[in-house]
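A closer look at the structure
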Amino acid sequence: MIVAERKPLEEIERMLADAERVLVVGCGTCVAVCMAGGEKEVELLAGQLRMRAEAAGRRRRIDRVTLTRQCDREYLDPLAAYVDEYDVLLSTACGAGVQLLAERFDGKLVLPALNTRFIGVAEGPGLWSQRCLACGECLLDRTGGICPVTRCPKNLLNGPCGGTNHGKCEVNPENDCAWTLIYRRLEKLGRLDLLDAIQPPKDYRPMTKPARVAHPAFQTGSPAGPK
Amino acid sequence: MARAFRDVLQEKEFVVTAEIGPPKGTDVSRLVHHIELLRDRVDALNVTDNQSSVMRVSSLAACRLILEHGGEPILQLTCRDRNRLALQSELLSAWVLGVRNVLCLTGDYVTLGDHPEAKPVFDLDSVQLLQTVGRLNQGQDLAGNNLEGATDFLAGAVVTPEADPLEPQLIKFAKKVRAGARFFQTQAVYDLERFRRFMEQARRLMADSRLATEQSATGPVKILAGIVLLTSAKMARYMNEHVPGIMVPEHLIQELAGAEKGKALQVGIQIAGRLIRQIYLDRLCDGVHIMAIGREERVPDILAEAGLG
């Protein structure tokens, strides 16, 4: 899933400037799971903003709504009925959700309440870590299911650098060295032979931005496509 | 005029190289002083590439100064700051300017240096960079285009004998040989018993049939042991704690700590000289690479201590 963190309240207040009518728009998918922008977090954020407005003697109406997903147009449409009541939409979606909201309501100022961090997994309660860089050319078959493009700061494809430190990474000693993990996993699988081949330079073309994916069934001219 | 490092490496029994760091700024007087001091005392001078991710004069410019002052340079080239276009361009430029030796490294991560906000590149890794040098030597670039004039670099690489775990390091070492590394300059070694065991493993790998084929055309791969000058007990402890792949044994730290006030550096020079002497006498490897980080003017003293001055 996409993992995000809420921006500091001070930064959000600065972005809101003198907006008087604010709608906080939550997202019920990834950012709800990572406790950054779901229904509960929206309630908390709206409450904090309200309290600060009151303490500052500022007139500010703050309402909230949490959508199933902000990255799908169909879930945004119901907002059309009342979006004009607000000066600002404060989105607690990932960067993709914020942008689709801004695209759908292009007459409204849409602001981001989160910093989107990565595609990752839940490592434990309240702890998420990055696992995928969306490089568009998955090589996990060669590395025992551990991604060096994501988990090695230097994206090394042919083994560890000199900064591997008793199985930890010199860039951040809290992190395991990806190549030590890969070595241990392949050793366990009896597949150290996979480390024999020199991996060629990576093709970065699939990472050319902005990328697009079209499902074959929906491409015109496809036998399975729209009739 | 300095002899070509390629010839020295194959012909000389014990090779000595040293590292110099370019200045941060445009005043090259100290650099030139170090070049003049060392050019006839060592077989080649490595120039670091934005060492420790700290921005400086480029390795290439300093290599050119070495050539102009009659020395033999080894260009250090890291993957941190340049993508494959810039790396190949740098290599062609180095060849045009007369540089004949290149040491291919991954490079430190940017957050370790003085511009921690910078975008790290790492488009290629060190193995792929070695292969790239090989391609340019064959008159082609990485995309398969023909070059108007090829390079003929002698390529080198690094290895960390004290890496923990060592096995993945050895796998990469073998890949580097297959990718065209003809010499290795190791991370610092202090415990020569451990280094002896590393060399046994490295030699076994190099005897492997595939690697033997690699070496048949160009002669055996040479390994130069890294010698980092210890300047104090504090510095030694710092390296043990903070520099991966470096292990200064406690007895050496005690020796430094026991030095008279103001004499720790002298003891460090004696230790470095002693290590080099032992490596030479026991023929542990093919030579040494001296890294006197910031104390380049003391390299002649280290060589004198080693009996090689």
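Residues numbered from 1 in each chain as written. Chains lettered and ligands numbered in written order. Predicted model: local features only at pLDDT ≥ 70, side-chain atom pairs only at ≥ 80, totals over all residues.

1. Remarks on the packing of helix α10 (residues 250–257) of chain B against helix α11 (residues 264–281) of chain B
All names here are of chain B. Contact pair α10 / α11: the axes reach a minimum separation of 8 Å and the direction vectors enclose 145°. Across from L252, E255 and L256 in α10, the residues of α11 making contact are A264, V267, G268 and I271. Class assignment of the residues belonging to the contact of α10 with α11 gives a composition of 5 nonpolar, 1 polar and 1 charged. (Axes fitted to C-alpha atoms, helices over the stretch in contact; angles between N-to-C directions. Helix = DSSP H or I, 4+ residues; strand = E, 2+ residues; numbered from the N terminus. Contact = placed C-beta atoms within 7 Å. Nonpolar A, V, L, I, M, F, W, Y, C, P; charged D, E, K, R; others polar.)

2. With respect to the domain arrangement of chain A
The domains assigned to chain A are domain 1 (2–117) and domain 2 (134–197). Inter-centroid distance (C-alpha atoms) of domain 1 of chain A to domain 2 of chain A is 38 Å. (Domains from an automatic or database assignment.)

3. Points about the pairing of strand β4 (residues 101–105) of chain B
Residues and elements named next belong to chain B. For β4, the tally of buried residues reaches 5 of 5 residues, placing the bulk of the element in the interior. Alternating positions in β4 separate into two faces, N101, L103 and L105 on one and V102 and C104 on the other, with burial throughout. Judged from the 5 bridges that link them, strand β3 (residues 73–78) and β4 form a sheet pairing that is parallel. By the bridge assignment for β4, Q76 is matched with L103. Pairing of β4 with strand β5 (residues 154–159) involves 4 bridges; the strand directions are parallel. Looking at the pairing, C104 lines up with A157 of β5. With respect to chirality, the unit in which β4 leads through helix α5 (residues 126–137) into the neighbouring parallel β5 is right-handed. (Buried ≥ 20, exposed ≤ 12 C-beta atoms within 10 Å, placed from the backbone. Pairing = 2+ DSSP bridges. Right-handed = clockwise from strand over helix to strand, strands pointing away.)

4. Details of the confidence of the model for chain B
Mean pLDDT over chain B works out to 96, with 99% of the residues at or above the 70 mark. At the level of chain-chain contacts, confidence expressed as ipTM amounts to 0.94, with global pTM at 0.95. (pLDDT = per-residue confidence, 0-100.)

5. Let's talk about the environment of Y238(B)
Residues and elements named next belong to chain B. Residue position: Y238 is located in helix α9 (residues 233–242). Residue Y238 is classed as partly exposed on the basis of its 13 C-beta neighbours within 10 Å. In sequence terms Y238 and V248 are 10 residues apart; their C-alpha atoms lie 9.9 Å from each other.

6. Here's the deal with the interface of chain B and chain A
Contact residues are listed per partner, giving 26 residues for chain B and 22 residues for chain A. Among the elements of the structure, α5 and α6 (167–178) of chain B are those that each provide at least two residues to the side of chain B that touches chain A. Top contributing element to the side of chain B that touches chain A by residue count: α6(B), with 7 residues. Within the side of chain B that touches chain A, the residues separate by chemical class into 12 nonpolar, 7 polar and 7 charged.

7. Some words on the environment of L9(A)
All names here are of chain A. On the secondary structure map, L9 appears in helix α1 (residues 9–16). On the basis of neighbour counts, which here come to 13 C-beta atoms within 10 Å, the residue L9 falls in the partly exposed class. Separated by 98 residues in sequence, L9 and G107 have C-alpha atoms that sit 25 Å apart.

8. Observations concerning the nonpolar core
Counting residues in hydrophobic clusters, the biggest one holds 86 residues, and the most contacted among them are L45(B), L75(B), V102(B), C104(B) and I227(B). Per-element accounting of this core gives the leading share, 8 residues, to α11(B). Ignoring any residue separated from it by four or fewer positions in sequence, one finds V102(B) in contact with L75(B), L77(B), L91(B), A94(B), V133(B), F153(B) and A155(B). If you look at the next biggest cluster of nonpolar residues, it comprises 35 residues, including I2(A), V24(A), C30(A) and A93(A). (Core = buried A, V, L, I, M, F, W, Y, C linked by C-beta atoms within 7 Å.)

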